[in-house]
Amino acid sequence: MKRAIYPGSFDPVTRGHLDVIARSSRLVDELVVGVLNNSAKNALFSVPERVNMLKELMIDFPNVTVDAFDGLLVDYAKRIDAAIIVRGLRAVTDFEYELQIAQTNHEIYADIETIFLTTRLEYAYLSSTIVKEVASYGGDISRFLPPQIVARVYEKYGIKDFEK
């Protein structure tokens, strides 16, 4: 059985993330969406909130599970017996960084492989950081996020008057 992990902060989960999840879930027997607990980042949502949001969105993906982890990704991959790390690439600049990480992960844990999925053009510009920036000013984020997540983001910024 081929198990892969798609790691990220998912703060918040975007339509781009969901696209990578849908596409990569068709390539493996089991996909674990790994929510990184990164204490160095000032997250909008707590790890349990992010895990719960992703679990809600995975209802139509029977081979996808959601879990939280901290520490080195390769250690977590070993622990869950994942053979593949899935990473999404938006631009060439992403590739340089991701290639370094993939090579380092392979050096630490030779049995792990990284596959890169290029982002669909409609999501190439999209990041959680951009979504949070737009939301913080009350801008329309509905085209960036699944509908179930939009109100939760605005709530975090104390914005009550937004178009649903």
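The coordinates are above.
Structure report, in brief. (Residues numbered from 1 in each chain as written. Predicted model: local features only at pLDDT ≥ 70, side-chain atom pairs only at ≥ 80, totals over all residues. Heavy atoms only, no water.)

1. Quick notes on the overall build of the protein
(1) Moving on: Looking only at helices and strands, one finds six helices and five strands in the protein.
(2) Moving on: In terms of overall size, the protein behaves like a compact globule, its C-alpha atoms giving a radius of gyration of 16 Å where 164 residues would be expected to give roughly 15 Å.
(3) Moving on: Out of the 164 residues belonging to the protein, those deemed buried represent 46%.
(4) Moving on: At a minimum sequence separation of 6, the contacts of the protein that also span at least 24 residues come to 74%. (Helix = DSSP H or I, 4+ residues; strand = E, 2+ residues; numbered from the N terminus. Rg over C-alpha atoms; globule rule 2.2 N^0.38 Å. Buried < 20%, exposed > 50% of the residue type's maximum accessible area, 1.4 Å probe, protein only. Contact = heavy atoms within 4.5 Å.)

2. Observations concerning the side chain of Glu30
(1) Moving on: With respect to the helices and strands, the residue Glu30 is situated in strand 2 (residues 30–36).
(2) Moving on: Apart from residues lying up to four places away in sequence, Glu30 is in contact with Met1, Lys2, Arg3, Ala4, Asn63 and Thr65.

3. As for the layout of surface pockets
(1) Moving on: Its boundaries defined by the atoms lining it, the largest pocket holds a volume of some 1200 Å³.
(2) Moving on: Surrounding the largest pocket, 43 residues form its lining, Pro7, Gly8, Ser9, Arg87 and Glu98 being those nearest its centre.
(3) Moving on: For the lining of the largest pocket, the secondary-structure elements that each account for two or more residues are strand 1 (3–8), helix 1 (15–25), strand 4 (84–89), helix 4 (92–108), strand 5 (113–118) and helix 5 (128–136).
(4) Moving on: If one sorts the elements of the lining of the largest pocket by residue count, helix 4 sits on top with nine residues.
(5) Moving on: By residue class, the composition of the lining of the largest pocket is 18 nonpolar, 17 polar and eight charged. (1 Å grid on protein atoms, 1.4 Å probe; cavity = no way out; pocket = protein on both sides within 12 Å on 5 of 7 lines; lining within 4 Å. Points joined across faces, edges and corners; volume = space filled by probe spheres on them. Nonpolar A, V, L, I, M, F, W, Y, C, P; charged D, E, K, R; others polar.)

4. Re helix 4
(1) Moving on: The end-to-end C-alpha distance of helix 4, which contains 17 residues, comes to 25 Å, matching closely the 24 Å that a straight helix rising 1.5 Å per residue would cover.
(2) Moving on: On the buried face of helix 4, the contacting elements are helix 3 (73–80), strand 4 and strand 5. (Expected span 1.5 Å × (residues − 1).)

5. Focus on the nonpolar core
The tendency in soluble globular proteins is for nonpolar side chains to be buried as a group.
(1) Moving on: Ile21, Leu31 and Ile141 are the most contacted members of the largest nonpolar core, which totals 36 residues.
(2) Moving on: Put simply, the parts of the chain that give this core at least two residues each are strand 1, helix 1, strand 2, helix 2 (47–57), strand 3 (64–69), strand 4, helix 5 and helix 6 (147–156).
(3) Moving on: At five residues, helix 2 tops the list of elements feeding residues into this core.
(4) Moving on: With twelve residues, the next largest nonpolar core counts Phe69, Ala77, Tyr109 and Ile112 among its residues. (Core = buried A, V, L, I, M, F, W, Y, C linked by side-chain atoms within 4.5 Å.)

6. A look at unusual backbone geometry
(1) Moving on: The peptide bond linking Asp11 to Pro12 adopts the cis configuration, its omega dihedral lying at 0°.
(2) Moving on: Within the element layout of this structure, Pro12 appears in the loop between strand 1 and helix 1.
(3) Moving on: Although it is not a glycine, Phe10 sits at a positive phi angle of roughly 50°.
(4) Moving on: When you line up the elements, Phe10 lands in the loop between strand 1 and helix 1.
(5) Moving on: The phi dihedral of Asp81 falls on the positive side, at around 60°, and the residue is not glycine.

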